[in-house]
Amino acid sequence: MNLMQAFKMAFKSIAAKKMRSFLTMLGIIIGVASVVIMVSVVQGQNKRSMEYFEAMGDNKIQVYAYQRFETSGSVSGLLYEYCLGMQDLVLGVTPQIDVWREITIRYGAKSFNTNDWDRWEDRLSVVLGSDQYGVCNNYTLGSGRELSFLDIDKSNQVCVLGAGAKAKLFDFVDPVGETIFINNQPFLVVGWYESIGLDGWNELDNMILLPYTFNRTLNDNQQITQYVVKAKSAAATTLSIAKLKAFLGGFITDDNGYYDVSSNNDWANQMQEQNLMQSLVLGAIAGISLLVGGIGIMNIMLVTVTERTREIGIRKAIGAERKSIIVQFLIEAAVICGIGGAIGITLGCMGALIAGKFLLQGMILWPSMTITVGAFTFSVVLGVVFGLYPAIKASSLQPVEALRAE
Amino acid sequence: MLIDIKDLYKIYNEGQESEVRALDGVSLQIDRGEFVAIVGASGSGKSTMMNVLGCLDVPTRGEYVLNGTSVTSLKDRDLARIRNQEIGFIFQGYNLLQDLNALDNVILPLIYRGTSIFEREELAMAALARVGMDDRAHHRPSQMSGGQQQRVAIARAIATHPPIIMADEPTGALDSKTGRHVLTILRQLYREGTTILLITHDDGIAATAPRVVRLSDGKIISDAHQEVDWL
Ligand SMILES: Nc1ncnc2c1ncn2[C@@H]1O[C@H](COP(=O)(O)OP(=O)(O)OP(=O)(O)O)[C@@H](O)[C@H]1O
Ligand SMILES: [Mg+2]
């Protein structure tokens with residue numbers, strides 16, 4: 001009997017035992033698909049948070065400083081000066097003020113309201129910052145210029161647009177030199193930023209930056225509590241954090257306020273640790289489902305050993321060689337497991353895409369090759385081993401012994 | 001001499017308390033073209049002997065020469081060829097593959113023989129036609145009566161045109177009418193020159209066999225030729 005016939009025999013046997021073939025496949029499909037989906041989701045999640053940190057830029061220090069009684073000079077002024085004094089460590093410093101008050105923005109016939117939460121994805125927001133806002137927050141200028149120190153000092157009515165705000169107000173026209181109206185006050189557009197390019201973070205692009213001195217008029221002169229400091233390197237970040245803590249500790253105590261200094265680098269590390277945890281947990285779950293699938297395969301294969309042993313007895317009695325029985329069973333198991341594995345990978349990829357769409361804001365998830373191949377190999381090997389088991393055991397028996405199997 | 005066994009033993013659990021001598025020093029010669037009925041009480045070793053003769057089992061000791069070759073020393077490959085081409089075996093319990101239809105069951109030995117794909121179906125259909133089962137070719141065993149299943153099993157046994165047919169109580173599970181039908185097929189094959197070995201419990205059937213070998217406790221106690229009317 002040649003290989004071709006062994007194949008035919010195997011396919012005939014698979015087709016004849018649809019239920020058993022299907023159940024075996026099911027174990028593999030579930031195992032492989034769940035591993036593929038879970039691992040993809042975890043990897044997508046990790047990739048997403050890393051992308052976030054990359055887009056945000058590293059060596060970014062978040063400063064939170066709150067004073068209960070504002071004494072001589074606001075923190076902002078002092079902090080600003082202090083950071084300017086650390087020029088060997090720091091690239092820039094800016095207040096980070098998100099204006100929550102309702103503001104209308106108008107250009108020509110187009111009008112937007114910052115409290116338009118029904119369309120939050122298209123909502124424009126107003127942020128207040130210094131001339132170093134762009135540097136601190138990893139924006140790159142599309143054209144025009146940043147805010148200048150003078151703009152801040154003189155509270156010039158100028159603004160810089162994020163890419164989203166530019167698109168919404170001006171479509172594709174260069175906005176530099178145009179005037180928009182913010183709460184009916186004319187503001188000159190002096191520049192615009194390129195898109196941060198981070199899926200699901202539209203608000204980073206849908207913003208309009210004004211000099212922070214407008215805190216007085218646009219933000220009810222609320223206390224400025226958040227700052228972003230951009231350090232030059234990872235080492236500079238660590239050093240700057242220590243210095244800033246010492247500096248702020250000098251005039252903010254538990255009695256009169258609160259402060260906190262942390263860096264994106266810390267967050268990134270923390271996030272990475274968290275991601276690792278998540279990967280391990282989900283990986284373990286996926287591993288368990290693979291194992292359960294594997295046990296299912298084993299079960300079905302072992303339950304049918306008697307039946308298969310008798311079948312082998314019959315086949316031997318009518319002239320099958322040991323070799324051809326083993327080859328037939330090998331092909332049978334390999335084909336069932338291969339098809340099951342392929343379906344599992346297909347379903348897994350589809351599941352990963354769906355999971356990406358709904359869990360990760362439409363992120364396109366592609367499973368990792370290693371994991372996919374690993375899960376596939378594991379189930380196929382398991383299926384083949386347990387599929388071959390009766391063949392190897394029974395084909396060396398005398399036909400009568402195999403026929404007597406109970 | 002087609003079949004020649006000398007001093008054949010099949011001993012289960014040898015040396016233990018539960019030792020069973022299913023075959024206890026059996027010698028027997030059968031010529032080409034004979035029709036031999038093997039009879040004896042239940043447990044006398046009939047099936048054991050036929051399984052050894054059919055190369056489905058190995059004796060504990062003794063010599064078996066089939067068609068001039070000593071079978072006891074053969075490898076799996078040659079034994080498979082003998083089971084496939086020299087001997088057609090018919091079991092009391094049919095032993096059809098339940099998941100294949102009648103035609104596919106009959107095709108099976110042809111596949112193992114290496115018959116070309118173009119001839120296989122034709123040969124299998126011819127074998128089914130011989131036993132009057134060609135109209136049930138696409139039925140599965142579970143959709144057939146016992147007699148029909150046994151006829152399919154006979155078709156499978158004769159599909160490769162083996163010179164020897166061995167049947168272990170082929171009519172044991174059938175009513176007398178279907179039993180006679182099966183017997184008629186075997187006689188027909190005999191007339192065409194096939195050597196037939198037939199185990200039976202039925203004295204009536206034994207009475208119509210040209211040669212009757214009687215076993216008792218693993219030994220041959222009589223071996224007689226007789227005149228029969230159907231030849
Ligand atoms: N696998 C086995 N292990 C132990 N003893 C066995 C085995 N197979 C058969 N025997 C014994 O060998 C003896 C002969 O059995 P065998 O099946 O050849 O009898 P038989 O003549 O065919 O009987 P029946 O007419 O009932 O079919 C019996 O005593 C039986 O119990
Ligand atoms: Mg018997």
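The residue numbers shown here count from 1 along each chain, following its written sequence. Both sets of labels track the order of writing: A upward for chains, 1 upward for ligands. With pLDDT at 70 or above as the cut-off, local features in this predicted model cover only qualifying residues; side-chain atom pairs require 80 or more to be listed or tallied, and sums for whole chains, interfaces and linings still use all residues. Hydrogens are left out, water is left out, and the side-chain values use all remaining heavy atoms of the structure.

K.L.:
Lay out the domain arrangement of chain A in plain terms, naming residues and giving numbers.
P.N.:
An automatic or database domain assignment provides the domain bounds reported here. According to the domain assignment, chain A contains domain 1 (3–52 + 270–404) and domain 2 (69–255). The C-alpha centroid of domain 2 of chain A is placed 55 Å from the C-alpha centroid of domain 1 of chain A.

K.L.:
Give me the lowdown on the site of ligand 1, citing residues and values where you can.
P.N.:
For each residue, the test is whether any non-hydrogen atom lies within 4 Å of the molecule or strand; if one does, the residue is near. Taken together, 14 residues form the shell around ligand 1, and within it S42, G43, K46, S47 and T48 of chain B come nearest. Each of chains A and B places residues near ligand 1. Counting of polar contacts relies on pairs of N or O atoms within 3.5 Å, with two restrictions inside protein: one atom must be capable of donating a hydrogen and the other of accepting it, and residues adjacent in sequence are counted only when both atoms are side-chain atoms. Between ligand 1 and G43 of chain B there is a distance of 2.8 Å, counted from an oxygen atom to a backbone nitrogen or oxygen. A distance of 2.7 Å is found between an oxygen atom of ligand 1 and a side-chain nitrogen or oxygen belonging to S47 of chain B. In these tables, accessible area is a Shrake-Rupley quantity obtained with a 1.4 Å probe, and a residue counts as shielded only by the protein chains included in the view. The protein chains hide 67% of the 630 Å² of surface that ligand 1 would expose on its own.

K.L.:
Break down the interface of chain A and chain B for me, with residues and values.
P.N.:
Working rule for contacts: check all heavy atoms of both residues, and any pair within 4.5 Å makes them a contact. With 27 residues of chain A at the interface, the matching set in chain B holds 28 residues. Take the accessible area each of two parts loses on contact, using a 1.4 Å probe, and add the two losses: that sum is the buried area. Taking both sides of the interface into account, the surface hidden between chain A and chain B amounts to around 2400 Å²; carbon and sulfur atoms contribute 58%. The three residues of chain A that bury the most area against chain B are I314, I318 and V400 of chain A, which together make up 23% of that side's buried surface. In the sections that follow, a salt bridge refers to a side-chain nitrogen of Lys or Arg positioned within 4 Å of a carboxyl oxygen of Asp or Glu. Applying the counting rule to chain A against chain B returns three salt bridges. Joining chain A to chain B, the criterion identifies seven residue pairs in polar contact (both at pLDDT 80 or more). Listed by contribution, the elements that provide at least two residues to the side of chain A that touches chain B are α1 (3–16), α10 (305–317), α11 (322–359) and α13 (399–403) of chain A. The dominant element in the side of chain A that touches chain B, judged by the number of residues it contributes, is α10 of chain A, at seven residues. Partitioned by chemical class, the residues of the side of chain A that touches chain B number 10 nonpolar, five polar and 12 charged. Think of it this way: any DSSP run of H or I at least four residues long counts as a helix, any run of E at least two long counts as a strand, and we number them from the N terminus. Three categories are distinguished: nonpolar for Ala, Val, Leu, Ile, Met, Phe, Trp, Tyr, Cys and Pro, charged for Asp, Glu, Lys and Arg, and polar for the others, with Gly belonging to the last.

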